[in-house]
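Descriptive structure summary
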Amino acid sequence: MKLVIAIISNSDVSKVLGATSADGFSSTKIATAGQFLQNGQTTVLFGVDESRVEELFEIIESNVTRRVLREKGVESTIEGSLLKKPVDVEEYGAVAFVVDVEDFRKL
């Protein structure tokens with residue numbers, strides 16, 4: 001068994017949860033605060049049989065959108081710095097991690 005930890009843009013999370021649920025994937029949703037992008041993210045935990053991990057990734061990928069956002073630069077004490085100027089940042093619809101699960105129990 002694997003634990004898939006997916007950090008999904010709030011713009012896409014409802015669509016992802018609907019699609020994964022329809023295909024029989026169970027999940028737990030956790031509110032998440034990011035450090036840079038302001039649109040927000042949600043962390044979703046999926047317990048998945050190893051044979052279905054790629055299927056889950058395909059569903060997630062087909063239900064998220066990459067976006068280019070205009071973000072304010074970070075504050076800096078460096079004089080003459082370009083850090084305060086707005087920059088274009090590519091936001092992925094999701095980032096996912098796969099973790100081996102040693103034991104799983106429903107209690």
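By convention here, each chain's residues receive numbers from 1 onward along its written sequence. Restriction of local features to residues with pLDDT of at least 70 applies here, the model being predicted, together with a cutoff of 80 or more for giving and counting side-chain atom pairs; totals for whole chains, interfaces and linings are based on all residues. Just so you know, side-chain values use all the structure's heavy atoms and leave hydrogens and water out.

Thoughts on the packing of aromatic side chains
Side-chain rings of Phe, Tyr and Trp (the six-membered ring for Trp) are treated as a pair once their centres are within 6.5 Å; stacked means planes under 30 degrees apart, edge-to-face means over 60, and tilted covers the remaining angles. The final tally for this structure, using the stated rule, is zero aromatic pairs. In this analysis the charged atom, NZ for Lys or CZ for Arg, is taken to sit over a ring once it is within 6 Å of the ring centre and within 35 degrees of the ring normal. The ring of F25 carries R52 above its face, with NZ or CZ at 4.0 Å from the centroid.

Re the side chain of K2
By definition, any uninterrupted DSSP run of H or I lasting at least four residues is a helix, any uninterrupted run of E lasting at least two residues is a strand, and each is numbered from the N terminus. Secondary-structure assignment places K2 in strand β1 (residues 2–9). Assessed through its relative accessible area of 14%, K2 is described here as buried. Only heavy atoms matter for contacts: two residues are in contact if any of them lie within 4.5 Å across the pair. In this structure, K2 is in contact with F46, G47, V48, E50, V53, V98, V99, D100 and V101, ignoring residues within four places of it in sequence. Any residue under 20% of the maximum accessible area for its type is buried, any over 50% is exposed, and the rest in between are partly exposed; the area is computed with a 1.4 Å probe on protein chains only.

Quick look at the environment of I59
Its place among the elements puts I59 in helix α2 (residues 53–62). With a relative accessible area of 10%, I59 lands in the buried category. Sequence spacing of I59 and L17 is 42 residues, and the spatial spacing of their C-alpha atoms is 9.7 Å. Setting aside anything within four residues of it in sequence, one finds I59 in contact with A19, T20, D23 and F25.

A short note on the sheet that holds strand β2 (residues 27–32)
Only when DSSP finds a minimum of two bridges between them are two strands counted as paired. Read from one edge of the open sheet, four strands run β2-β3-β1-β6, paired in antiparallel fashion. Single-partner strands in this sheet number two, and they are β2 and β6 (94–100). The sheet shows a mean angle of 20° between the axes of neighbouring strands, direction not considered. Axes, fitted as lines to C-alpha atoms, cover a helix only where it is in contact. Angles between the N-to-C directions of the axes lie from 0 to 180 degrees. With respect to the sheet, helix α1 (residues 13–22) is in contact with β1, β2 and β3 (41–48), its orientation differing from that of β3 by roughly 15°.

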